[in-house]
2 protein chains.
Amino acid sequence: MTQVRVVVTLKPSLLDAQGRVVQDALHSLGYTEVGRVRIGKYLELDLNEEANGDVAARVREMCERLLANPVIEDYHFEVIS
Amino acid sequence: MTQVRVVVTLKPSLLDAQGRVVQDALHSLGYTEVGRVRIGKYLELDLNEEANGDVAARVREMCERLLANPVIEDYHFEVIS
């Protein structure tokens with residue numbers, strides 16, 4: 001079985017409102033050392049033995065078609081065997 | 001500046017309904033090699049120069065108090081200098 005870990009984040013130029021809220025909440029709790037906070041999605045995909053050929057190319061396609069919105073989001077992933 | 005990358009996931013024993021939906025959607029798109037999908041949160045925290053002492057201990061505290069719900073979620077993080 002192959003595991004793939006995908007991280008999807010907002011493009012750096014976009015305001016991350018949710019991250020801003022978390023940053024403010026951390027400050028209220030006394031963690032004033034926290035600067036910018038960016039929040040994204042983390043996905044773990046287990047691929048079964050049918051997964052053959054170019055796993056990275058298939059996963060890139062999944063990200064482009066479903067897992068990320070390439071207009072506003074970046075993604076990266078690592079394949080763990 | 002120190003960057004910390006935090007990943008928060010549902011505990012493995014809990015049903016990940018959102019992951020299930022993504023798995024079904026990937027199957028509909030023809031990616032039948034995808035087995036279980038688990039979805040979590042990814043956070044990037046930039047810590048400024050006030051961050052001194054035991055960064056890992058501080059971040060663990062932030063996770064326990066705000067970033068994760070330790071009853072139903074696991075978390076792990078890495079500190080990048």
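All values reported here derive from a predicted model rather than from experimental measurement.

Moving on to the overall build of chain A. When helices and strands are tallied, chain A shows two helices and three strands. Reading chain A from its N terminus to its C terminus gives the helix and strand order β-α-β-α-β. In terms of overall dimensions, chain A has C-alpha extents of about 50 × 25 × 15 Å along its principal axes. A total of 81 residues make up chain A; the buried ones form 42% of that total. Total accessible area on chain A is roughly 4,400 Å²; 51% of this is exposed by carbon and sulfur atoms. On chain A, the mean spot of the 9 positive side-chain charges and the mean spot of the 13 negative ones are 6 Å from each other.

Attention now goes to the packing of helix H2 (residues 55-67) of chain A against helix H1 (residues 17-28) of chain B. Interaxial distance between H2 of chain A and H1 of chain B falls to 11 Å at its minimum, and their mutual angle equals 110°. With respect to their mutual orientation, H2 of chain A and H1 of chain B come out roughly perpendicular. Taking contact as the criterion, the partners of Met62, Leu66 and Leu67 of chain A in H2 of chain A are, on H1 of chain B, Val22, Ala25 and Leu26 of chain B. Class assignment of the residues belonging to the contact of H2 of chain A with H1 of chain B gives a composition of six nonpolar, no polar and no charged.

With that settled, consider the interface of chain B and chain A. Contact residues are listed per partner, giving 33 residues for chain B and 33 residues for chain A. Summed over both sides, the interface of chain B with chain A buries roughly 3,100 Å², with 57% coming from carbon and sulfur. Viewed at the interface, chain A and chain B are joined by four salt bridges. For Arg58 of chain A, the salt bridge identified is with Glu33 of chain B, shortest N-O distance 2.8 Å. Where chain B touches chain A, the interface holds 18 residue pairs in polar contact (both at pLDDT 80 or more). The element that contributes the greatest number of residues to the side of chain B that touches chain A is strand S2 (residues 34-47) of chain B, accounting for 14 residues. When the residues that make up the side of chain B that touches chain A are grouped by side-chain class, the tally is 17 nonpolar, six polar and 10 charged. Summarising the sheet, strand S2 (residues 34-47) of chain A and S2 of chain B pair through 11 bridges and their orientation is antiparallel. Directly across from Leu45 of chain A, in S2 of chain B, lies its bridge partner Val37 of chain B.

What follows covers helix H1 (residues 17-28) of chain A. Residues and elements named next belong to chain A. Here H1 spans 17 Å end to end across 12 residues, near enough to the 16 Å set by a 1.5 Å rise per residue. Every buried residue belonging to H1 is among Gly19, Val22, Gln23 and Leu26, and all of these are buried. The arc that holds every buried residue of H1, seen down its axis, measures 105°, which confines them to one face. Opposite the packed face of H1, turned more than 90 degrees from it, sit the exposed residues Val21 and Ser28. Just downstream of H1, Gly30 is the residue with a positive phi angle, here 100°.

What counts, and where the lines are drawn
- Residues numbered from 1 in each chain as written.
- Chains lettered and ligands numbered in written order.
- Predicted model: local features only at pLDDT ≥ 70, side-chain atom pairs only at ≥ 80, totals over all residues.
- Heavy atoms only, no water.
- Helix = DSSP H or I, 4+ residues; strand = E, 2+ residues; numbered from the N terminus.
- Buried < 20%, exposed > 50% of the residue type's maximum accessible area, 1.4 Å probe, protein only.
- Areas by Shrake-Rupley, 256 points an atom, 1.4 Å probe, with all protein chains shown as cover.
- Lys, Arg positive; Asp, Glu negative; His and termini not counted.
- Charge placed at Lys NZ, Arg CZ, Asp CG, Glu CD.
- Axes fitted to C-alpha atoms, helices over the stretch in contact; angles between N-to-C directions.
- Parallel < 35°, antiparallel > 145°, perpendicular 65-115°, else oblique.
- Contact = heavy atoms within 4.5 Å.
- Nonpolar A, V, L, I, M, F, W, Y, C, P; charged D, E, K, R; others polar.
- Buried area = accessible area lost by both parts, 1.4 Å probe.
- Salt bridge = Lys/Arg side-chain N within 4 Å of Asp/Glu carboxyl O.
- Polar contact = N/O pair within 3.5 Å; in protein donor to acceptor, adjacent residues only side chain to side chain.
- Pairing = 2+ DSSP bridges.
- Expected span 1.5 Å × (residues − 1).
- Arc of directions from axis to C-beta.

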